[in-house]
Amino acid sequence: MSGYLDRIGAGLIIKDGTPFNFDYLPNELVMRDEEMSNFASMMSSIVAPGGSSRAIVTGNVGTGKSAMVRRFCEDIAKKFSERRNIRHIIVNCRNAATKPEVLKTIVQHLDPRYPDRGLGSGEILASVRKMLTSSGEHLIVVLDEVNHLLRRSGDDILYQLLRIDEGHSEHGTLSLVLISQEQTLDFLEPAVISRFGRSNQLRLEPYDEQGLMEIARQRARIGLIDGSYSEGILRLIGQAASEISDARVAIELLEGAAKRAELDGRSEIEPRDVQSVSSLQPTNLEGIEVDDLPPHCMMVLLGICRRLKNDNEIATGDIESIYKVVCEEFSVEGKGHTTLWKYLKRLEDRDILASRLSTVNQGRGRTQFFSMPAALPADIERRLETLIPARLRR
């Protein structure tokens, strides 16, 4: 009865599933050195006794905002442990979307026995300050997805946190970091903006195809068995994830492809594994539209699909050769080189194909390679084999 479980944990490809977890934090963030340096500069005051900092980090989903801030908080606590006792708390404002919920999360992080109810925000903040002063700790409060809090409760809590030391001789109790997909300053009152400072903003730009490929490479090196994936597989993942520029999608594609290959009893990831998982992503749920393509464009695509069932990518010269074979199969005369290029551009514009340029012949020339990261070539092949004869009869 339990035979269907035999391949779970078989270790054919995945040697450690930890790097694919949502909360996994790598020791180094891929292609974020400049952003990490800029953020560290914004937060540099906290290493000095009595110092505190504040910053706002924005960017689209999957740009590594939370990971960057977490990495900084952990690194700075270790590096400057002899100078100052620094700790941090990350509050997810999607879950704690009101001022009382945020304050409760902060104070119970410091003292899990702290009572749930009965105290106002001023009393809770006074307790937070007293605890930190007594322990000699500096607290970095990170409000992740802060836009949910601001929409529901306004920015009064930010003002109170920023003024926690007001009226006291000792300063530097806590630092404050806001993380949001949106332009956070649009939600803030002038008094809060003044305390944050407009220059203390950092926006993370989306990862490009190369960055997403490197993220997949980093996780593969840690989590997969050597030899179970190729450079072409990593490139295919980067191309597929670049449609929405989300690092999480790249990681999900890598894990999903590895699991699919293992389930099939294989010890190496193939292009169809990535394509199968990619076809389930939200941007691809409605499928690839090929029905309205010209017949010869369909034949070009058919030839490409047949090659990409087994290979990661195909060069332009090979496409021309395969296209001629398909034309012979359907007993039609092929189009010229220029028309073929127009078809390839059309398929690329529709996101059916992805392309890259590469140097060949020891640097003396460049050729274009095409891949199909977001769909299963075999599925499109079957559709085209039905469509093309009907279109040619018109």
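In short, a report on the structure. (Residues numbered from 1 in each chain as written. Predicted model: local features only at pLDDT ≥ 70, side-chain atom pairs only at ≥ 80, totals over all residues. Heavy atoms only, no water.)

Turning our attention to the side chain of Thr98. Structurally, Thr98 is set in the loop between strand S2 (85-92) and helix H3 (99-110). You can call Thr98 buried: its relative accessible area is 14%. In contact with Thr98, other than residues within four places in its own chain, are Leu149, Arg152 and Ser153. (Helix = DSSP H or I, 4+ residues; strand = E, 2+ residues; numbered from the N terminus. Buried < 20%, exposed > 50% of the residue type's maximum accessible area, 1.4 Å probe, protein only. Contact = heavy atoms within 4.5 Å.)

This part takes up the environment of Val57. Mapped onto the elements, Val57 comes out in strand S1 (residues 54-59). Owing to a relative accessible area of 0%, Val57 belongs among the buried residues under this scheme. C-alpha separation for the pair Val57 and Lys78, spaced 21 residues apart in sequence, amounts to 22 Å. Ignoring anything within four residues of it in the chain, the contact list for Val57 reads Phe39, Lys65, Met68, Val69, Val177, Leu178, Ile179, Ser180, Leu202 and Leu204.

Further remarks concern helix H2 (residues 65-79). Given 3.6 residues per turn, any residue in an α-helix points the same way as the ones three and four places further on. Compared with an ideal rise of 1.5 Å per residue, which puts 15 residues at 21 Å, H2 spans 21 Å between its outermost C-alpha atoms and is within 8% of the ideal. Residues of H2 that are buried make contact with helix H1 (33-42), S1, S2, strand S3 (137-144), strand S4 (174-180) and strand S5 (201-204). (Expected span 1.5 Å × (residues − 1).)

Close contact between helix H12 (residues 295-308) and helix H14 (residues 337-349) brings their axes to 10 Å; oriented N to C, the two are set at 75°. As the angle between them shows, H12 and H14 are arranged roughly perpendicular. Of the residues in H14, those touching H12 at His296, Cys297, Val300, Leu301 and Ile304 are Leu340, Tyr343, Leu344 and Leu347. The class makeup of the residues in the contact of H12 with H14 is 8 nonpolar, 1 polar and no charged. (Axes fitted to C-alpha atoms, helices over the stretch in contact; angles between N-to-C directions. Parallel < 35°, antiparallel > 145°, perpendicular 65-115°, else oblique. Nonpolar A, V, L, I, M, F, W, Y, C, P; charged D, E, K, R; others polar.)

We now examine the pairing of S3. Of all the 8 residues making up S3, 8 are buried; the element is thus mostly covered by neighbouring parts of the structure. Where burial is concerned, the two faces of S3 agree: the one with Glu137, Leu139, Val141 and Leu143 and the one with His138, Ile140, Val142 and Asp144 are both buried. Relative to S3, S2 runs parallel, the two sharing 8 bridges. Within the sheet, the bridge partner assigned to Arg87 lies in S3 and is Leu139. (Pairing = 2+ DSSP bridges.)

Here we take up the sheet that holds S2. If you trace the 5 strands from one edge of the open sheet to the other, you get S2-S3-S4-S1-S5, paired in parallel fashion. Of all the strands in the sheet, the pair left with one neighbour each is S2 and S5. The sheet shows a mean angle of 20° between the axes of neighbouring strands, taken without regard to direction. Strands in contact with H1 are S1, S4 and S5; relative to S5, the strand with the most contacts, it is inclined by about 165°. Relative to S3, H2 is tilted by about 175°, and along the sheet it contacts S1, S2, S3, S4 and S5.

Our focus in this paragraph is the nonpolar core. In terms of nonpolar packing, the biggest core is built from 34 residues, with Ile106, Leu143, Leu158 and Leu176 touching the most fellow members. Contributions of two or more residues to this core are made by S2, H3, helix H4 (121-135), S3, helix H5 (146-153), helix H6 (156-162), S4 and helix H7 (190-196). Setting aside chain neighbours within four positions, we find Leu158 in contact with Leu143, Leu150, Leu176, Leu178, Leu188 and Val192. (Core = buried A, V, L, I, M, F, W, Y, C linked by side-chain atoms within 4.5 Å.)

Bringing the layout of surface pockets into the picture now. Taken as a whole, the largest pocket spans an internal volume of roughly 900 Å³. Along the walls of the largest pocket sit 38 residues, with Phe22, Gly64, Ser66, Ala67 and Arg248 positioned nearest its centre. At the level of elements, H2, S2, H5, S4, helix H8 (209-223) and helix H10 (247-263) are the ones that each hand at least two residues to the lining of the largest pocket. The element best represented in the lining of the largest pocket is H10, accounting for 5 residues. (1 Å grid on protein atoms, 1.4 Å probe; cavity = no way out; pocket = protein on both sides within 12 Å on 5 of 7 lines; lining within 4 Å. Points joined across faces, edges and corners; volume = space filled by probe spheres on them.)

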